[in-house]
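Architecture and fold: a report
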Number of protein chains: 2
Amino acid sequence: MLNFNYYNPARIVFGAGTIQEVGGLASAYGKKVLFHYGGGSIKKNGVYDQVIRSLQESNLDVVELPGVVPNPRLSLVREGIEVCKREKIDFILAVGGGSAIDSAKAIAFGARLRDDEDIWDDYYLRGNGDIKAAIPVGVVLTIPAAGSESSTGSVITDWDKNLKRAVNSETIIPRFAIMDPETNYSLPAYQTGCGVSDILAHLFERYFTNEQHNDLSDRFLESAMRNIIAYGPLALKHPDVYRYRAEIMWTGTVAHNNLLDQGRVGDWASHDIEHEISGIYDLAHGAGLSIVFPAWMKYVYKKHIDRFVQFATRVWDVDLTFDDKDLMVEVAIDKLENFYRSIGMPIRLSDAKIGDEKIRVMAQSALLGKTGLGSFETFTADDVEKILRLAL
Amino acid sequence: MLNFNYYNPARIVFGAGTIQEVGGLASAYGKKVLFHYGGGSIKKNGVYDQVIRSLQESNLDVVELPGVVPNPRLSLVREGIEVCKREKIDFILAVGGGSAIDSAKAIAFGARLRDDEDIWDDYYLRGNGDIKAAIPVGVVLTIPAAGSESSTGSVITDWDKNLKRAVNSETIIPRFAIMDPETNYSLPAYQTGCGVSDILAHLFERYFTNEQHNDLSDRFLESAMRNIIAYGPLALKHPDVYRYRAEIMWTGTVAHNNLLDQGRVGDWASHDIEHEISGIYDLAHGAGLSIVFPAWMKYVYKKHIDRFVQFATRVWDVDLTFDDKDLMVEVAIDKLENFYRSIGMPIRLSDAKIGDEKIRVMAQSALLGKTGLGSFETFTADDVEKILRLAL
């Protein structure tokens, strides 16, 4: 177990009917709020009206910045930064899923940079810049998936250059996240499936580590995997059962609030590889992850057989004889693929109508500015290409 | 799953060699530090010297208040409050286990009360007073057990009246907790066992709830139980193996930082019953809990058979036929008792040389000022007496 420093001050306000608390929570941070969201869905499902009403009841000035899209764009972030400076925004409220939140986080610290700094070149491209200040961010979460509601991370795409990159900092952890599982009832099945896949991926990235002797985290990660594997298909079958949505939503937060990776180093190679797919093809992140992970597992498991046997037994209840460990892992990966299919996710590039034309481009782009990809193993562009070919 | 509001801003600094960070962390809160601790153990194991050196290197003024004892006393709390007012203390550093931390928390908010308020009468006795302000508290944890290092709680005993009572408030959550598992190597076996018992009890209190449909918390609680059941005996067998101590220490924090009881109501009857035992006999809290829990389980399980069957199967791997659920639970409780014995804990009052003389007194005292005890079931004094008799 490695030494660690864990800090997560995000307040989670969870449950049916909690959106009405947003005005009261936001008013602790000032008078002028940037209300940042996507498009029509929060207007259709009533969340927009609930948020506006609560902000107005708390006498807050609201500036709206809609237009966030999946794989949120650097261009809108730059626009938001200008709005914050011009309007002297005190607080940014992101309403939606990970895209709205990640975009809000980028705007929040972007608006506090020095004039000689560029948010993209100096922070996202160069990796973890040391973010010193940010406008406080709050969240009304309507899509459980990214875990951004209480995480240190923000992922943004420069669509002009097909580059998707991340930053991490305690400074941009949201001050609060309101999570009402009832808002998830109206999510399309595909989006529910993508969210479940994303949550599971966050657990995988933390589980596959070379750091030994951190059994509590292993057990928690396995528990969270079992939970999402149990309730994901149930939420698809019965979209408006509160408890299924609640299990997914809460698991999604805990999967990514960094509690479960203390004392270890996560891998994140699969996320980086997936970012190339969704950065080029604009595929949903969760759908890209369900394509990458089975291929990644097939590529790496032999060198890490003990960890994969633990995964097979504790997560997938594979109880074959330990004499044939490869078979145990094969069965576990089969079960994972069946799970992905059961929640409507693709498991091959061909399922998403993606061929091999850009595999080399993606593999090279994934390594751009890096000497290697991942921590569990360290990949070259050739490794990434082989993994993508396994996913064809 | 109930609605919930979760907030825990304690920074956990975990690992070998981390005590040297205390001065830097404390200096964020002012110049004058009350260094609050127990007796000789931190002087013998070198922790005292490490703390003083780090505080001095950060140029902090240190006022020492030693003398905390297990089941920390109201009298020392009152003394600490006077010291804080007289010396204009900015920050309180508790070094030790739950007793030092609970005492520090009491001093911290006691020093900020209005002159017409009394810390004992208005807060501890009357139950959850709304604590509005407190001097910031930091922790160097040397005994994993109470979980107070990142919890909202503080338990204090009025030794003149044999009353042990608790308060809870976000206001007294420590700002940071430094946790170096190496400091646990020198713990006596009995104290290690008591800590393991206390941690397990914190998991039990949260697990036995009437709130259904909170499966993630169930799974996490079961995982943490399995972890402490696995590593407790190993730490006793090999006291200076880092990883065993680290597993216990980190599990102890997560068991009590309130993450695992979101969306549910814990029971805490067994804690209240145990407080009567240790309030009268000055038994270690963990040793009292290992006496109370088996008796409590025998007394309540029939009405909550599903929960206890889940406990038997998921925690204790009881795989008997579901046709005889009572037998499954009986086997699980037997396993729990064997576990307690394996870590050197008493499982009957007679093991602790306690007879039946004061059972009625304890039962009545536990109900003092309350209409009922516990949430899983609501006990009268008669119920408490019956449970204590089952523990004879």
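Just so you know, these numbers come straight off a predicted model, no measurement behind them. (Residues numbered from 1 in each chain as written. Chains lettered and ligands numbered in written order. Predicted model: local features only at pLDDT ≥ 70, side-chain atom pairs only at ≥ 80, totals over all residues.)

What about the domain arrangement of chain A?
Residue and element names in this part refer to chain A. When its domains are assigned, chain A resolves into domain 1 (11–182) and domain 2 (189–390). Distance between the C-alpha centres of domain 1 and domain 2: 26 Å. If you look at the interface, domain 1 gives 21 residues, while domain 2 gives 25 residues. When contributions to the side of domain 1 that touches domain 2 are tallied by element, the ones reaching two or more residues are strand E1 (4–14) and strand E7 (163–168). In terms of residue class, the side of domain 1 that touches domain 2 is built from eleven nonpolar, seven polar and three charged. (Domains from an automatic or database assignment. Contact = placed C-beta atoms within 7 Å. Helix = DSSP H or I, 4+ residues; strand = E, 2+ residues; numbered from the N terminus. Nonpolar A, V, L, I, M, F, W, Y, C, P; charged D, E, K, R; others polar.)

Considering the nonpolar core
Residues Ile92 and Leu93 of chain A together with Ile92 and Leu93 of chain B are the most contacted members of the largest nonpolar core, which totals 264 residues. Dropping the residues within four chain positions of it, isoleucine 92 of chain B is found in contact with Leu34, His36, Ala104, Ile107, Ala108, Ile135 and Val137 of chain B. (Core = buried A, V, L, I, M, F, W, Y, C linked by C-beta atoms within 7 Å. Buried ≥ 20, exposed ≤ 12 C-beta atoms within 10 Å, placed from the backbone.)

Observations regarding the sheet that holds strand E3 (residues 61–65) of chain A
The strand order across the open sheet built from twelve strands is E3(A)-E2(A)-E4(A)-E5(A)-E8(A)-E1(A)-E1(B)-E8(B)-E5(B)-E4(B)-E2(B)-E3(B), with neighbouring strands paired in mixed fashion. The open sheet has two edge strands, E3 of chain A together with strand E3 (61–65) of chain B, and neither has a second partner. Direction aside, neighbouring strands of the sheet carry axes that sit 25 degrees apart on average. Pairing of E1 of chain A with strand E1 (residues 4–14) of chain B, which is carried by seven bridges, proceeds in the antiparallel orientation. The residue bridging asparagine 8 of chain A from the neighbouring strand is asparagine 8 of chain B, located in E1 of chain B. (Pairing = 2+ DSSP bridges. Axes fitted to C-alpha atoms, helices over the stretch in contact; angles between N-to-C directions.)

Quick word on helix H8 (residues 215–237) of chain B
With 23 residues, H8 of chain B extends 34 Å from end C-alpha to end C-alpha; this agrees with the ideal 33 Å at 1.5 Å per step. Counting buried residues in H8 of chain B gives 17 out of 23 residues, a clear majority hidden from the surface. (Expected span 1.5 Å × (residues − 1).)

Focus: the relation of the copies chain A and chain B
Of the transformation superimposing chain A on chain B, the axial component is 0.0 Å and the angular component is 180 degrees, with the fit at an RMSD of 0.0 Å. The transformation just described matches what one would write down for a two-fold rotation axis. Every residue of chain A has its C-alpha some distance from the rotation axis, and the shortest such distance is that of proline 9 of chain A, at 2.1 Å. (Least-squares fit on C-alpha atoms with pLDDT ≥ 70 in both.)

Quick look at the interface of chain A and chain B
With 30 residues of chain A at the contact, the number on the chain B side is 30 residues. Elements with a minimum of two residues in the side of chain A that touches chain B: E1, helix H8 (215–237) and helix H9 (242–254) of chain A. Looking at which element gives the most residues to the side of chain A that touches chain B, the answer is E1 of chain A, with nine residues. When the residues that make up the side of chain A that touches chain B are grouped by side-chain class, the tally is 15 nonpolar, nine polar and six charged.

A few points about helix H5 (residues 98–110) of chain A
When the terminal C-alpha atoms of H5 of chain A are compared, their 18 Å separation across 13 residues agrees well with the 18 Å that a helix rising 1.5 Å per residue should span. Buried residues dominate H5 of chain A, accounting for 13 of its 13 residues.

Some words on the packing of helix H7 (residues 189–207) of chain A against H8 of chain A
Residue and element names in this part refer to chain A. Interhelical geometry of H7 versus H8 gives an angle of 170 degrees and a closest axis separation of 10 Å. Relative to H8, H7 is oriented roughly antiparallel. Listed contacts from H8 to Ala189, Thr192, Gly193, Val196, Ile199, Leu200, Leu203, Arg206 and Tyr207 of H7 are Leu221, Ala224, Met225, Ile228, Gly232, Ala235 and Leu236. (Parallel < 35°, antiparallel > 145°, perpendicular 65-115°, else oblique.)

As for the environment of alanine 269 of chain A
Residues and elements named next belong to chain A. Take alanine 269: it is sitting in helix H10 (residues 269–281). Residue alanine 269 is classed as buried on the basis of its 26 C-beta neighbours within 10 Å. Sequence spacing of alanine 269 and threonine 378 is 109 residues, and the spatial spacing of their C-alpha atoms is 8.3 Å. The contacts of alanine 269, once residues within four sequence positions are left out, are Trp296, Leu373, Gly374, Phe376 and Phe379.

A few points about unusual backbone geometry
All names here are of chain B. Even without being a glycine, lysine 88 presents a positive backbone phi close to 50 degrees. As for its position among the elements, lysine 88 is in the loop between helix H4 (74–87) and strand E4 (91–96). Phi at histidine 213 takes a positive value of approximately 70 degrees, unusual for a residue other than glycine. Take histidine 213: it is sitting in the loop between helix H7 (189–207) and H8. The partly exposed category is assigned to histidine 213, around which 15 C-beta atoms lie within 10 Å.

Looking at the packing of helix H11 (residues 285–300) of chain A against helix H13 (residues 325–342) of chain A
All names here are of chain A. Two elements in contact, H11 and H13, have axes separated by 10 Å at closest approach and are oriented at 175 degrees. One finds that H11 runs roughly antiparallel with respect to H13. Contacts between H11 and H13 involve Ser290, Pro294, Met297 and Lys298 from the first element and Ile333, Leu336, Glu337 and Tyr340 from the second.

A short note on the confidence of the model for chain A
Detailed conclusions should not be drawn from predicted coordinates in areas where pLDDT is low. On average, residues of chain A score 96 in pLDDT, and 99% of them reach the 70 mark or higher. In the predicted assembly, ipTM is 0.95 and pTM is 0.96. (pLDDT = per-residue confidence, 0-100.)

A closer look at the pairing of strand E2 (residues 32–37) of chain A
Residues and elements named next belong to chain A. Of all the six residues making up E2, five are buried; the element is thus mostly covered by neighbouring parts of the structure. Bridge count between E2 and E3: five bridges; the pairing is parallel. Considered in E3, the bridge of leucine 34 is made with valine 63. Pairing of E2 with strand E4 (residues 91–96), which is carried by five bridges, proceeds in the parallel orientation. Bridging from a neighbouring strand, leucine 34 pairs with isoleucine 92 of E4.

Notes on the environment of leucine 367 of chain A
Residue and element names in this part refer to chain A. Secondary-structure assignment places leucine 367 in the loop between helix H14 (359–366) and helix H15 (381–390). Considered as a pair, leucine 367 and isoleucine 273 are 94 residues apart in the sequence and their alpha carbons are 9.2 Å apart. Sequence-distant contacts of leucine 367, that is, excluding residues within four places in its chain, are made with Leu373, Thr380 and Ala381.

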